[in-house]
Amino acid sequence: MPNQKKVALLTGVTGQDGAYLVELLLSKGYEVHGIKRRSSLFNTDRIDHLYQDPHEKDVNLTLHYGDLTDSTNLIRIIQQVQPDEIYNLGAMSHVKVSFDTPEYTANADGIGTLRILEAVRLLGLTQKTRIYQASTSELYGLVQAVPQSEDTPFYPRSPYAVAKLYAYWITVNYREAYNMYACNGILFNHESPLRGETFVTRKITRATAKIAMGLQNKLYLGNLDAKRDWGHAKDYVEAMYLILQQDQPEDYVIATGITTTVRDFVRLAFNEVGITLEFKGEGVAEKGYVVSCSNPSYNVEAGTEIVAIDPKYYRPTEVELLIGDPSKAEKKLNWKPKYRLNELVKEMVAADLQLFQKEKLLRDSGYSIKNQYE
Ligand code: NDP
Ligand code: GDR
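Residues numbered from 1 in each chain as written. Chains lettered and ligands numbered in written order. Predicted model: local features only at pLDDT ≥ 70, side-chain atom pairs only at ≥ 80, totals over all residues.

Engineer: In this structure, what is going on with the pairing of strand 15 (residues 305–309)? I would like to understand it.
Structural biologist: Examined bridge by bridge, strand 8 (residues 219–221) and strand 15 share 3 bridges and lie parallel to one another. Among the inter-strand pairings, Leu221 is bridged to a residue of strand 15, identified as Ile309. Bridge analysis of strand 14 (residues 287–293) against strand 15 gives 3 bridges, and the strand direction is antiparallel. Bridging across to strand 15, Tyr289 finds its partner in Glu305. (Pairing = 2+ DSSP bridges. Helix = DSSP H or I, 4+ residues; strand = E, 2+ residues; numbered from the N terminus.)

Set out below in structure tokens:
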């Protein structure tokens, strides 16, 4: 019997979106291949629950070592896997860090996308393999118009966004030049309990849990005025899948259409543990004080300063306002986000409270615990 299963190849399989997308594709009966980087520590935490022993029969998830900066490696894997669909999620995805590593970011996020497209072309797979490119609302950068749609001009504001701009256009160019099914999903910020710890939402929900449990004193943040259109990663990987199932390859904005400040995200998170916060002062001097704590098990006293600004988290050039217009996706993909922001925050805080139970037990039993701040 020939293998009827669709075959998908993911870069960035160990990241937040990779984990949710693998789960979705396995549930749809795909054979899934993922590219992971070699690292000195295990880096498959987010997908370990989906891991299958390669010695077993009917294995549907296979991991390959690789890197977006290595074309020969990509060509070999794509040749071996012969994917029906490639989801290019791999990237140096932290905007602030891209100012520290601009050349590497350009290589992995920009040229890495070219390497995937070229590999598919060189291997003669242009009519077989569909390609999803993880484009981003960071492309809009300095506000030109709101809400931002597929027609809004781009004005990138970081080495990350500039690299992703190249990736966006090379994807469009290969679609037009070689008649490839290659699409950009222009995704606005999406979060989850699996979100990397140094992105602002997860940094906030982790700190909320740790402060409530007495494991941390203060949360240091940068620009509290930035506004983001935050959705749930689970909803957004559905959109990625749908983008590759259409008759025609097109680019889509994926967003909720609602924007919120970082400051309000902080308030929402602390509300989850019964702490009401008030912000005093402006800019660098701005501080968040506990007004009241209604949860006796946490006992965080009124008047305590638990949020403060550290200018080291400011970016040389900031993206102040993002709010997406998802109407094309709603109409053509029949996609709508299922999660609201308050549900997302609730899920993230609950997961982090759970995560730090072990740490609290250890601390309460006299063991010293390591702190990881960012
Ligand atoms: P993560 O940072 O969680 O994951 C990034 C993934 O890329 C990780 O698996 C990482 O591997 C891998 N990676 C990094 N560098 C390389 C490289 N040189 N070669 C191969 N793999 C590499 O990001 P998300 O899951 O949140 O995002 C997925 C994609 O979507 C990214 O491209 C991101 O830029 C983009 N995006 C994300 C949005 C969001 O809000 N989450 C919004 C719009 C776009 P490792 O685990 O080893 O570090
Ligand atoms: P972003 O996400 O840059 O939008 O990129 P991030 O969560 O890092 O920042 C969002 C906003 O919060 C402000 N901010 C802080 N950010 C971080 N990380 N840490 C802080 O302490 C802090 N204080 C305030 C930032 O200045 C910013 O305005 C994410 C990534 O997933 C990208 O890969 C993706 O393309 C975009 O979302 C859409």
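Here the narrative resumes, following the displayed structure.
Engineer: Can you help me understand the site of ligand 1 in this one?
Structural biologist: The local shell around ligand 1 holds 27 residues, among which Gly12, Gly15, Gly90, Ala91 and Ala134 are the closest. Those elements giving two or more residues to the shell around ligand 1 turn out to be helix 1 (16–27) and strand 5 (130–136). Element by element, the count of residues in the shell around ligand 1 is highest for helix 1, at 3 residues. Residues belonging to the shell around ligand 1 are distributed by class as follows: 9 nonpolar, 15 polar and 3 charged. (Near = placed C-beta within 6 Å. Nonpolar A, V, L, I, M, F, W, Y, C, P; charged D, E, K, R; others polar.)

Engineer: Would you explain the environment of Ser192 in this entry?
Structural biologist: Along the polypeptide, Ser192 turns up in the loop between strand 7 (190–191) and helix 6 (200–212). Residues Ser192 and Leu122, 70 residues apart in the sequence, show an inter-C-alpha distance of 37 Å.

Engineer: I keep staring at the site of ligand 2 and nothing clicks. Help me out?
Structural biologist: As a matter of local geometry, ligand 2 sits amid 23 residues, with Ser93, Thr136, Val200, Gly222 and Ala226 nearest to it. Looking at the shell around ligand 2, the elements that each hand over two or more residues are helix 3 (95–100) and helix 6. Here the element with the most residues in the shell around ligand 2 is helix 6; it accounts for 3 residues. Within the shell around ligand 2, the residues separate by chemical class into 9 nonpolar, 8 polar and 6 charged.

Engineer: What is the right way to read the nonpolar core from this model?
Structural biologist: Here is a general trend for soluble globular proteins: nonpolar side chains tend to be buried in one another's company. In terms of nonpolar packing, the biggest core is built from 67 residues, with Leu10, Val22, Met240 and Ile254 touching the most fellow members. In terms of residues, this core owes the most to one element, helix 5 (residues 159–178), which gives 9 residues. In this structure Val22 touches Leu10, Val13, Val32, Gly34, Ile47, Leu50 and Leu61, once residues within four positions along its chain are discounted. Core analysis: the second largest hydrophobic core is formed by 27 residues, Leu221, Ile275, Tyr339 and Leu344 among them. (Core = buried A, V, L, I, M, F, W, Y, C linked by C-beta atoms within 7 Å. Buried ≥ 20, exposed ≤ 12 C-beta atoms within 10 Å, placed from the backbone. Contact = placed C-beta atoms within 7 Å.)

Engineer: Can you walk me through the environment of Glu305 in this structure?
Structural biologist: Tracing the sequence through the fold places Glu305 in strand 15. Given 12 C-beta atoms within a 10 Å radius, Glu305 is considered exposed. The contacts of Glu305, once residues within four sequence positions are left out, are Lys287 and Tyr289.

Engineer: Would you mind going over helix 4 (residues 102–122) with me for this structure?
Structural biologist: Note: α-helices contain 3.6 residues per turn, so residues at a spacing of three or four share the same orientation. Taking 1.5 Å per residue, 21 residues should reach 30 Å; helix 4 reaches 28 Å between its end C-alpha atoms and fits that length. Considering bend angle alone, the principal kink of helix 4 is centred on Ile111 and spans about 35°. For helix 4, every residue scored as buried is listed here: Thr105, Ala106, Ala108, Asp109, Gly110, Gly112, Thr113, Arg115, Ile116, Leu117, Ala119 and Val120. Packing partners of the buried residues in helix 4 comprise helix 2 (71–81), strand 4 (85–88), helix 3, strand 5, helix 5 and strand 6 (182–187). Just downstream of helix 4 lies Gly124, where phi reads positive at about 70°. (Expected span 1.5 Å × (residues − 1). Bend = angle between axes of the 7 residues up to and from the residue.)

Engineer: How do you make sense of the pairing of strand 1 (residues 7–11) when you look at a structure like this?
Structural biologist: Every other side chain in a regular strand lies on the same face of the sheet, so the side chains alternate between the two faces. Counting buried positions over the 5 residues of strand 1 gives 4, a clear majority of the element. Crossover strand 1 to strand 2 (residues 31–36) through helix 1 is right-handed. Bridge count between strand 1 and strand 4: 4 bridges; the pairing is parallel. Each residue of the ladder has a partner; that of Thr11, found in strand 4, is Asn88. (Right-handed = clockwise from strand over helix to strand, strands pointing away.)

Engineer: How should I be thinking about unusual backbone geometry in this particular structure?
Structural biologist: Note: most peptide bonds trans; most residues except glycine with negative phi. Of the consecutive residues Val146 and Pro147, the connecting peptide bond is found in the cis state with omega at -10°. Its location among the elements puts Pro147 in the loop between strand 5 and helix 5. Of note, Asn299 is a non-glycine position whose phi angle comes to about 55°, a positive value. Positionally, Asn299 belongs in the loop between strand 14 and strand 15. In the Ramachandran plot, Asn334 falls in the positive-phi region, its phi being about 55° despite a non-glycine side chain. Along the chain, Asn334 falls in the loop between helix 9 (327–333) and helix 10 (341–355). Under the C-beta neighbour-count criterion, Asn334 is labelled exposed, with 8 such atoms within 10 Å.

Engineer: For this particular structure, what's the right way to read the sheet that holds strand 6?
Structural biologist: The strands that make up a sheet pair up through hydrogen bonds in the backbone, lying either parallel or antiparallel. The parallel open sheet is built from 7 strands, whose spatial order is 3-2-1-4-5-6-11. Looking at the sheet topology across the chains shown, the edges are occupied by strand 3 (61–65) and strand 11 (252–254). Each neighbouring strand pair of the sheet contributes to a mean axis angle of 20°, computed without reference to strand direction. In this sheet, strand 5 lies alongside strand 4 in parallel orientation, the contact comprising 4 bridges. In the sheet register, Glu85 faces strand 5, and the bridge partner there is Arg130. Helix 4 contacts strand 4, strand 5 and strand 6 of the sheet and is inclined by roughly 170° relative to strand 5. Seen against the sheet, helix 5 touches strand 5 and strand 6 and runs at an angle of roughly 150° to strand 5. (Axes fitted to C-alpha atoms, helices over the stretch in contact; angles between N-to-C directions.)

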